[in-house]
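Residue-level structural notes
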Amino acid sequence: MTTTTAEQATAPVPPRPDGAKKKRRRVDLRQYGILAALAVIILLFQVLTGGRLLYPGNVSNLIQQNAYVLILAIGMVIVIIAGHIDLSVGSVVATVGAVAALSMNSWGLPWGAAVALSLLVGALIGAWQGFWVAFVGIPAFIVTLAGMLVFRGVALVLLTGGTISGLPRSFNAIGSGTLPSTGTPDLITLGIGALASLALVVQQLKGRADLRRLNLPRERTASFVLKIALAVVAIMYLCYLLAYNRGTPIILIILATLVLLYSFMLSRTVFGRHVYAMGGNLYAAMMSGVKTKWVNFFIFVNMGFLAGLAGVVSTARAGSAVASAGQSFELDAIAAVFIGGAAVQGGVGTVIGAVIGGLVMGVLNQGLSILSVDAAWQQVIKGLVLLLAVAFDVYSKRRTGR
Amino acid sequence: MSEPILEMSGIVKEFNGIRALDGVSVSVQRGEVHAICGENGAGKSTLMKVLSGVYPHGSFDGTITLDGDPVAYGSINDSERDGVVIIHQELALSPYLSIAENIFLGNEVQRGGVIDWNRTNVRAAELLARVGLQENAATKVLELGVGKQQLVEIAKALSKEVKILILDEPTAALNDDDSAHLLGLIEQLRTQGITSIIISHKLKEIRAIADTVTVIRDGRTIESFPVEDSDEIETRIIRDMVGRPLDHQFPPREPSIGEEKFRVEDWTVHHPIDVDRIVVDRASFHVRAGEIVGFAGLMGAGRTELAMSIFGRSYGSGISGRVFKDGREIQTRTVGQAIRNGIAYVTEDRKRYGLNLIGSITVNVSAAALGKLARLGIIDRHREYAVAEEYRRQMNIKTPSVSSVVGNLSGGNQQKVVLSKWIYSGPDVLILDEPTRGIDVGAKYEIYGIINEMAAQGKAVIVISSELPELIGLSDRIYTIAEGKLTGELDRAHASQEDLMRRMTASRIQGAQPS
Ligand SMILES: Nc1ncnc2c1ncn2[C@@H]1O[C@H](COP(=O)(O)OP(=O)(O)OP(=O)(O)O)[C@@H](O)[C@H]1O
Ligand SMILES: [Mg+2]
């Protein structure tokens, strides 16, 4: 990815009648900027850990251990684009984790029903907070600050008996299991990788053909091909690593589905457009007939639902529920979203950006713990990375004259 | 002649490779009022931002000399130190601070970081007297109308020992009285030796006040010449601006008026916070298909409030009355409902209510009619793009591409985007609130053409405007409104400015009734 950036930055700019293409390229460059940062961080830790970061086992771990950041970041980026914030997600994760564990171990629900119940509880919590934000008009900062306290308290109440462990194995598999494997290397994983690569290539080519048909500005062919080639290499390398471990983590499938679904939702649907419109100018959105209250409400329902999912996943991964689960998850998610290029004042941001931001946080988490850096220092480092990433973003915007 | 106080030459400014200024030169004499004219997007505001250091030295090419010395401003503070003060197209006062606090914001009367409130208030009062604003200096700015805010801006400029005062479309949002006062003030400042540069699309004003005019087109200086109060000067300015003479102010039109399309009965609106105050009082009016109906009234008479309350109750409280379309009563309780019932309202405040400034032209044009572009909630982006392209062509929006961010367009082109958005929504009843505010003469003509076209398609068109000649030139029928009450209804044939003015100022005590 770094080569792409360099190639683009130094390439001579042919004169163009409308100059639109040049602008386009600049936007892309910023997207690549985040990717480049991720690549640098991966390389850095790869060197620092003497190659251990990308051991097959560690990669699998990285995905499973940090799935929660990605799931939460997807919900959070929508919240932030609309101009809100959600501070309660960590507490919601704990509450939902408690509900999941209790429903299986104390109320005897089968694991499937327990998952459904957990997601429902998450969505209901979201509806509760959405109600206050959307219909009563209390700023989300306040509502979710209250939620942070309330749901941490609820988790403590639910788990007065302490930790609940010994959850069903099928449930734990959501967080730590893999798809069936054909052995080493696992052919299913490789097959999934090949399919994903193919789908990516087809989708990109189709998009480019559309641009050509409409005579819209396009990336130059060389950088387009390079970009896709790098993406395919990255996908296949990941699958190769996983194939030599235990196969495809179940959570990876869930994550991929979420990313596709929510990217589509934000960029292609009316709902997504309304979210951006509200973040860009709330009053103009109202005066265009957007049902701003309901959009706000659903944004929070969705955030609650995803927080519920994160609760399920992290409980399954840990194999137990504790009241202190999800501590500071909200901060990881918010950091991921801002590293991924969202704007504090709303209106700007993408799912892909947030996911890359989440991966940055994930690699940091993983790399630092492989290096067994003290938890206190981990926080210092993560904080500084957030600050630097956003500073870089602000700087690059200013330089291009906005 | 004396040497110029200010000389800008060969100014080139690019944004992302696109030239907004392409070698502009302007020379301003000491103590004159110098007007800058040009179409929307010609580069007037950009030129003034270059002059005042908003775009710092080094971000553009060309030279600026002040009193014969070259200057290189790194920021707006640098230029203000030299007495060059700009009042932007969009006012920039802090609403919750008092007049005095705003005047001295960033320039506080202080000792060691502690504000000397007594001297602040005394000096503020002096400045307010100088600009002729009769308000207490402790009044919060949000309680003032635009006209008075403009005066506060000027007082703020005067507090900085201004030598060159730059006003970017200062009267665009003002009514006639406030405009007259402001122009008088600029005259007065000239006698005190202050040089002014004024950007305006109102050629009448330029005739009346300017000593010299410089016309800019497509980022280049066309010519500079002395101004006298004559029609020839106006024609010459227009020709320079547009590149060709403009024979008529209004495009020709054959009204073809049909059945009644839209009717409002007994519409009453109360103030949103002060709920006992009546803002619109039992207004009843109607518009026929193919008819253009004007609403004339002073600022604060309740025109915008009337329109916004009808449009999904976007304004006010305790609203009562009935709305009919094609003879059937319709509900307009929410904006969505109003839009579905075929009503569109083009706001007078495009920045606040009209546009998503960080969004592209495409998303703004489609914003009020996404339903038309979507199936099962999924937007057809290709059609959306085609629609935006179509409106760019039709409305002649000056932009490198429809993917450009609306916030980067010039003021007049932003207005065209708002218009496109509502026309695309396909309304039966189109309410236009100050549709030509900040729009150049050429584009005004285009917009009048579009309004006529809407009427020709059989829509009911309502135009709210503070410019009486515009209302008279455009409308088939005009309602006057004063203090929330409709005070008159005149046919175009019978409408004169004097007559309208009299009804617009008719107070309730005189008991004026709709005629
Ligand atoms: N920050 C910016 N980024 C990109 N383009 C810009 C920016 N500011 C201005 N432009 C472009 O520069 C050109 C000149 O704009 P400018 O605002 O100076 O016009 P103007 O003469 O003041 O017009 P109006 O009468 O409509 O206010 C326009 O085409 C506009 O789109
Ligand atoms: Mg301007």
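Since this is a predicted model, take the numbers as computed values, not measurements.

Reading guide: rules and limits
Residues numbered from 1 in each chain as written. Chains lettered and ligands numbered in written order. Predicted model: local features only at pLDDT ≥ 70, side-chain atom pairs only at ≥ 80, totals over all residues. Heavy atoms only, no water. Core = buried A, V, L, I, M, F, W, Y, C linked by side-chain atoms within 4.5 Å. Buried < 20%, exposed > 50% of the residue type's maximum accessible area, 1.4 Å probe, protein only. Contact = heavy atoms within 4.5 Å. Domains from an automatic or database assignment. Buried area = accessible area lost by both parts, 1.4 Å probe. Salt bridge = Lys/Arg side-chain N within 4 Å of Asp/Glu carboxyl O. Polar contact = N/O pair within 3.5 Å; in protein donor to acceptor, adjacent residues only side chain to side chain. Helix = DSSP H or I, 4+ residues; strand = E, 2+ residues; numbered from the N terminus. Nonpolar A, V, L, I, M, F, W, Y, C, P; charged D, E, K, R; others polar. Phe/Tyr/Trp six-rings, centres within 6.5 Å; stacked < 30°, edge-to-face > 60°. pLDDT = per-residue confidence, 0-100. Axes fitted to C-alpha atoms, helices over the stretch in contact; angles between N-to-C directions. Parallel < 35°, antiparallel > 145°, perpendicular 65-115°, else oblique. UniProt positions renumbered as here; feature names shortened; annotations may be inferred. Near = heavy atom within 4 Å. Areas by Shrake-Rupley, 256 points an atom, 1.4 Å probe, with all protein chains shown as cover.

Considering the nonpolar core
Ranked by internal contacts, the top residues of the largest apolar core, which has 96 residues, are A:Leu72 and A:Phe171. Setting aside residues no more than four positions away along its own chain, A:Phe171 makes contact with A:Ala100, A:Met104, A:Trp111, A:Val115, A:Val312, A:Thr315 and A:Ala316. Among the nonpolar cores identified, the runner-up in size contains 84 residues, and B:Ala307, B:Met308, B:Leu430 and B:Leu471 belong to it.

Topic: the domain arrangement of chain A
Residues and elements named next belong to chain A. Along its sequence, chain A is carved into domain 1 (47-177 + 249-394) and domain 2 (178-248). Each of domain 1 and domain 2 has a C-alpha centre, and these two points are 26 Å apart. Tallying the contact residues gives 13 residues for domain 1 and 12 residues for domain 2. Where domain 1 abuts domain 2, roughly 940 Å² becomes buried across the two surfaces, and 72% of that area is made up of carbon and sulfur atoms. In this assembly, domain 1 and domain 2 are joined by 0 salt bridges. Where domain 1 packs against domain 2, one counts 3 residue pairs in polar contact (both at pLDDT 80 or more). Of all the elements in the fold, those that place two or more residues in the side of domain 1 that touches domain 2 are helix 3 (56-81) and helix 10 (250-268). Of the residues that constitute the side of domain 1 that touches domain 2, the class distribution is 8 nonpolar, 5 polar and no charged.

Quick look at the interface of chain A and chain B
Tallying the contact residues gives 31 residues for chain A and 37 residues for chain B. Carbon and sulfur atoms supply 58% of the area that chain A and chain B bury against each other, a total of about 2,700 Å² over both sides. When the buried area of chain A at its contact with chain B is split by residue, A:Arg268, A:Arg273 and A:Met287 rank highest and sum to 28% of it. For the interface between chain A and chain B, the tally reads 1 salt bridge. Between A:Arg273 and B:Glu384 there is a salt bridge, and its shortest N-O distance comes to 2.5 Å. At the level of elements, helix 2 (20-48), helix 8 (187-214), helix 10, helix 11 (270-280) and helix 12 (282-286) of chain A are the ones that each hand at least two residues to the side of chain A that touches chain B.

A closer look at the packing of aromatic side chains
Residue and element names in this part refer to chain B. Evaluation of the coordinates by the stated rule reveals 21 aromatic pairs over all chains. Ring geometry for Phe285 and Tyr479: centres 5.9 Å apart, planes at 65°, overall edge-to-face. Of this pair, Phe285 sits in strand 14 (residues 278-288) while Tyr479 sits in strand 23 (residues 477-482), and the two are 194 residues apart along the sequence. Neither residue differs from the other here; Phe285 and Tyr479 are each classed as buried.

Regarding the domain arrangement of chain B
All names here are of chain B. Partitioning chain B into structural domains gives domain 1 (6-242) and domain 2 (260-504). Placing the centre of domain 1 and that of domain 2 at their C-alpha centroids yields a distance of 30 Å. Carbon and sulfur atoms make up 54% of the surface buried where domain 1 meets domain 2, a total of about 1,500 Å² over both sides. Summed over the three residues of domain 1 that lose the most area to domain 2, namely Asn40, Asn175 and His201, the buried surface amounts to 32% of that side. For the salt bridge of Lys398 with Asp218, the shortest nitrogen-to-oxygen distance reads 3.6 Å. In terms of residue count, helix 8 (residues 231-242) provides more of the side of domain 1 that touches domain 2 than any other element does, 3 residues in total. Each residue belonging to the side of domain 1 that touches domain 2 can be placed in one class, and the counts come to 10 nonpolar, 6 polar and 6 charged.

Considerations on the pattern of salt bridges
Residues and elements named next belong to chain B. Under the definition given, this model contains 42 salt bridges over all chains. Between Glu434 and Arg437 there is a salt bridge, and its shortest N-O distance comes to 4.0 Å. Summarising the burial analysis for this pair, Glu434 and Arg437 share the class buried. One continuous salt-bridge network, built from bridges that share partners, spans Lys204, Arg207, Asp229, Asp231 and Glu234.

Points about the confidence of the model for chain B
Residue and element names in this part refer to chain B. Of the residues in chain B, 98% have a pLDDT of 70 or more, and the chain-wide mean is 89. In the predicted structure, residues 508-515 sits below a pLDDT of 50 and forms 12 contacts with residues beyond four places in sequence or in another chain. If you check the scores for this complex, the pTM reads 0.86 and the ipTM reads 0.82.

Thoughts on the confidence of the model for chain A
Chain-level pLDDT for chain A is 87 on average; 90% of the residues reach the 70-or-more range. Counted against residues more than four places away or in other chains, residues 1-28 of chain A, with its pLDDT under 50, gives 41 contacts.

Concerning the packing of helix 10 of chain A against helix 11 of chain A
All names here are of chain A. Here helix 10 crosses helix 11 at 65°, and the two axes come no closer than 5 Å. Between helix 10 and helix 11, the interaxial angle falls into the category roughly perpendicular. Here Met265, Leu266 and Arg268 of helix 10 lie close against helix 11, whose contacting residues are Val270, Phe271, Gly272, Arg273, Val275 and Tyr276. Here the residues of the contact of helix 10 with helix 11 are counted per class, giving 6 nonpolar, 1 polar and 2 charged.

Comments concerning the UniProt feature "domain: ABC transporter" (unreviewed entry) in chain B
Cross-referencing UniProt, the feature "domain: ABC transporter" (unreviewed entry) maps to residues 6-243 and 262-508 of chain B in the present numbering. The span residues 6-243 of chain B is 34% helical and 28% strand by assignment, and the distance between its end C-alpha atoms comes to 27 Å.

Quick word on the site of ligand 1
All names here are of chain B. Contacts to ligand 1 come from 18 residues, most closely from Gly41, Lys44, Ser45, Thr46 and Gly412. The separation between an oxygen atom of ligand 1 and a polar side-chain atom of Lys44 is 2.8 Å. Within the side chain of His201, an N or O atom sits 2.8 Å from an oxygen atom of ligand 1. In isolation ligand 1 has 640 Å² of accessible area, and contact with the protein removes 86% of it. If you tally residues by element for the shell around ligand 1, the top one is helix 1 (residues 44-51), at 3 residues. Taken together, the residues that form the shell around ligand 1 break down as 4 nonpolar, 11 polar and 3 charged.

Description of the environment of A:Phe305
Residues and elements named next belong to chain A. Note that Phe305 resides in helix 13 (residues 292-318). Taking the C-alpha atoms as reference points, Phe305 and Leu70, separated by 235 residues in sequence, lie 14 Å from one another. With sequence-adjacent residues up to four places away left out, Phe305 is seen in contact with Leu119, Gly122, Ala123 and Tyr262.

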